[in-house]
Amino acid sequence: PLKIGDCEIDYVKEWKYLGANVVSRDASEGWLSFSVETNKFYCAFNSIIHSSMNLSKEALMKLLYSNCVTALSYAAEVKEHSASDMRRINTAINDAIRRIFSYQRLESVRALRESYGYESIYVIFENRKQKFYRTLRVHSNSTIRHVFLSN
């Protein structure tokens, strides 16, 4: 058994860590995956929508993206989501926008979202990954330069 100090570490199939569910799988599928938990998103959005009836649509959109979407995009830089997880995330955000603007379920909110200056979750995730990789490159290059300069 694995131990930390005197405590034995349990083997688990799923583990919640820093806003992500880490799920163990067979080696043929890749050892780990991240499952998406939309509960925090819906809780945050419902809290905002029920407590801020007098706010403008613009303010509600700002609150949606600053407080709720962050619950879905936590650790987006290192997570690899399946296509079905990404569709579920996108649907959750679109449904929230529909609720703010009283749109029907089948009405598209893309133009509306873009008119308020917000990107799709696919673009948000990709931008965060690119920024993360750029930061890694900058830090690794400066570390390498520092090692060479100090020798």
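Here, the structure is the one placed above.
First, a word on scope: everything that follows refers to the structure included in this document. What you see is a predicted model, and the numbers here were worked out from it, not measured in a lab.

Digging into the side chain of Lys 129
Right, so step 1: Inspection of the secondary structure puts Lys 129 in helix 5 (residues 121–150).
Right, so step 2: Contact partners of Lys 129, with chain neighbours within four places excluded, come to Ala 76, Glu 77, Lys 79 and Glu 80.

As for the environment of Thr 91
Right, so step 1: Mapped onto the elements, Thr 91 comes out in helix 3 (residues 83–101).
Right, so step 2: On the basis of relative accessible area, Thr 91 is assigned to the partly exposed category, the value being 31%.
Right, so step 3: Along the primary structure Thr 91 and Ile 121 are separated by 30 residues, whereas in three dimensions their C-alpha atoms are 9.9 Å apart.

Some thoughts on the nonpolar core
Right, so step 1: Counting residues in each nonpolar core, the largest one holds 26 residues, and the members touching the most others are Phe 41, Leu 64, Tyr 65, Ile 93 and Ile 97.
Right, so step 2: Counting only elements with at least two residues in this core, the list comes to helix 1 (39–51), helix 2 (57–72), helix 3 and helix 5.
Right, so step 3: For this core, the element with the most residues is helix 3, which contributes eight residues.
Right, so step 4: Apart from the residues within four sequence positions on either side, Ile 97 is in contact with Met 61, Leu 64, Tyr 65, Val 109, Leu 112 and Arg 113.

Some thoughts on the packing of aromatic side chains
Right, so step 1: Within the structure shown, the criterion is met by five aromatic pairs.
Right, so step 2: Considering the side-chain rings of Phe 132 and Tyr 133, the 5.7 Å spacing of their centres and the 55 degrees angle between planes classify their relative orientation as tilted.
Right, so step 3: By way of ring pairs, the aromatic residues Phe 101, Tyr 103 and Tyr 116 are connected into one cluster.

Describing the side chain of Ser 52
Right, so step 1: In this structure, Ser 52 sits in the loop between helix 1 and helix 2.
Right, so step 2: Since its relative accessible area comes to 10%, Ser 52 is described here as buried.
Right, so step 3: Among the polar contacts listed, one links the side chain of Ser 52 to the backbone oxygen of Ile 48, at a separation of 2.3 Å.

Topic: the pattern of salt bridges
Right, so step 1: On inspection of all chains with the given rule, the structure shows three salt bridges.
Right, so step 2: Between Asp 85 and Arg 88 there is a salt bridge whose closest N-O contact spans 3.3 Å. Taken together, the residues Asp 85 and Arg 88, both in helix 3 and three residues apart, mark about one turn of the helix.
Right, so step 3: What makes Asp 85 buried here is its relative accessible area of 10%.
Right, so step 4: Arg 88 gets classed as partly exposed once you look at its relative accessible area, which sits at 38%.

Procedures and definitions
- Residues numbered from 1 in each chain as written.
- Predicted model: local features only at pLDDT ≥ 70, side-chain atom pairs only at ≥ 80, totals over all residues.
- Heavy atoms only, no water.
- Helix = DSSP H or I, 4+ residues; strand = E, 2+ residues; numbered from the N terminus.
- Contact = heavy atoms within 4.5 Å.
- Buried < 20%, exposed > 50% of the residue type's maximum accessible area, 1.4 Å probe, protein only.
- Core = buried A, V, L, I, M, F, W, Y, C linked by side-chain atoms within 4.5 Å.
- Phe/Tyr/Trp six-rings, centres within 6.5 Å; stacked < 30°, edge-to-face > 60°.
- Polar contact = N/O pair within 3.5 Å; in protein donor to acceptor, adjacent residues only side chain to side chain.
- Salt bridge = Lys/Arg side-chain N within 4 Å of Asp/Glu carboxyl O.

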